[in-house]
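Geometric and topological summary
Below, each chain spelled out in residue letters.
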Amino acid sequence: MSDETPARHRILIADDDAATRHGVARLLEAAGFEVSEAEDGRAALNTIQEKHYDLVFLDIWMPHLSGLEVLARIRTSASRPKVIVMTSDGTSETLLRAVKEQAYDYLSKPFPPRQAVEVAQRALSADQCPDIEVLSARPHWVELLIPCTSEAAERIQTVMMKLDADLPDNLRETIASSFRELLLNAIEWGGQFDPNRKVRIASVRSPRMLMFRIADPGPGFSFSELSHAAVGQPESEPVAHMSVREERGIRPGGFGILMIKAAADELLYNEAQNEVMFIKYFDQAQPLPAL
């Protein structure tokens, strides 16, 4: 981002906590942005309707109107700004409602103030907010339709990490890395990075297991056709795919599905293999995740 770019962007900080509002505003101003402030939801809505803003930092729980109500009211406006939700409410219901209302990103309070500048720069450099359709928003059953873009994949990865925040760190990281690899495969190979095509994602939780299902719009594949991946090689030649990748000019790697198979308790594909189901059972010795 060039030195001149931030000065062209207007940002609104809406938060009833004066210390948070002023602190974030000062940092964004120091980064070169034009910043305004609103102390409650009603003031935020009026300000957005009176003046164009490129980005809004919106607290969830504010007097008069909540941040979610403001988000819903500006969703259909012709010049709708991108919205970063700020909240200490980490419940899945709040997060999923923000997703449904097309919030661009989420900051969990308390957060390092400098993080606001990084999030603002990332949001403003993106072309648009990925249009994500929420089909089910129950904490134990989340189902989404997302466009086949890298931006949508990154945003949904953030959402899923927050939904699974109650799991032990090592288990959460294992699930997150597996989800990311399968989602990127679906978007790249099944959807061909076409934003007009959709990937369907479902995440189902019970006290003893987590399952996510990813269905892509492509024709599917066969493991025997994956000469550029470790999973398509005989057990006696586990790295034979490396020479294939080198010949085709593909970056080193190709171990993704093999690593996912090792991480999953069950990994199931449909017949066409354009839909996959990842299942992880929880150790009953650990605290059961809340539904």
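Residues numbered from 1 in each chain as written. Predicted model: local features only at pLDDT ≥ 70, side-chain atom pairs only at ≥ 80, totals over all residues. Heavy atoms only, no water.

**Observations concerning the pattern of salt bridges**
Definition in use: What makes a salt bridge here is a side-chain nitrogen of Lys or Arg within 4 Å of a carboxyl oxygen of Asp or Glu, nothing more. In DSSP terms, a helix is any run of H or I states spanning at least four residues, a strand is any run of E spanning at least two, and both are numbered starting from the N terminus. To sort residues, take the accessible area from a 1.4 Å probe on protein chains only and compare it with the maximum for the residue type: under 20% means buried, over 50% means exposed, and anything in between is partly exposed.
This model, assessed by the stated rule, comprises 13 salt bridges. Here lysine 109 and aspartate 15 are joined by a salt bridge, their closest N and O atoms 2.6 Å apart. Placement of lysine 109 in the loop between β5 (105-108) and α5 (113-125) and of aspartate 15 in the loop between β1 (10-14) and α1 (18-30) is noted, with a sequence separation of 94 residues between them. Look at aspartate 15 and you get buried, because its relative accessible area is 0%.

**A closer look at the side chain of arginine 155**
Condition: Positive charges come from Lys and Arg alone, negative charges from Asp and Glu alone, with His and the N- and C-terminal ends not counted. In the analysis that follows, any N or O atom pair within 3.5 Å is treated as a polar contact, provided that within protein one partner can donate a hydrogen and the other can accept it, and provided that, for residues neighboring in sequence, both atoms belong to side chains.
Looking at the secondary structure, you find arginine 155 in helix α6 (residues 150-163). Of the side chains with opposite charge, aspartate 105 lies nearest to the buried arginine 155, which makes no salt bridge, at 6.9 Å. Here tyrosine 106 takes part through its side chain, which lies 3.5 Å from a polar atom of the side chain of arginine 155.

**Overview of the confidence of the model for the protein**
Note the following rule: The quantity called pLDDT is the predictor's confidence in a given residue, expressed from 0 to 100. Throughout, a residue-residue contact means that at least one pair of heavy atoms, one from each residue, lies within 4.5 Å.
On average, residues of the protein score 82 in pLDDT, and 81% of them are at 70 or above. Counting interchain partners and residues more than four positions distant, the pLDDT-below-50 stretch residues 285-291 has 16 contacts.

**Concerning the sheet that holds strand β6 (residues 133-138)**
Each strand in a sheet pairs with another by means of backbone hydrogen bonds, the pair being arranged parallel or else antiparallel. The condition is simple: When DSSP finds at least two bridges between two strands, those strands are taken to pair. Only the stretch in contact is used when a helix axis is fitted, and all axes are lines through C-alpha atoms; the angle between N-to-C directions ranges over 0 to 180 degrees.
Pairing is antiparallel in the open sheet, where 6 strands are placed in the order β6-β7-β8-β9-β11-β10. Across the chains shown, the open sheet's two edge strands, defined by having one partner strand only, are β6 and β10 (266-269). Taking each pair of neighbouring strands and ignoring which way they run, the sheet shows an average axis angle of 15 degrees. As paired elements, β6 and strand β7 (residues 141-147) share 5 bridges and run antiparallel to each other. Within β7, the residue paired with valine 134 across the bridge is leucine 144. In this fold helix α4 (residues 92-100) packs onto β6 and β7, with an angle of close to 165 degrees to the strand it touches most, β6.

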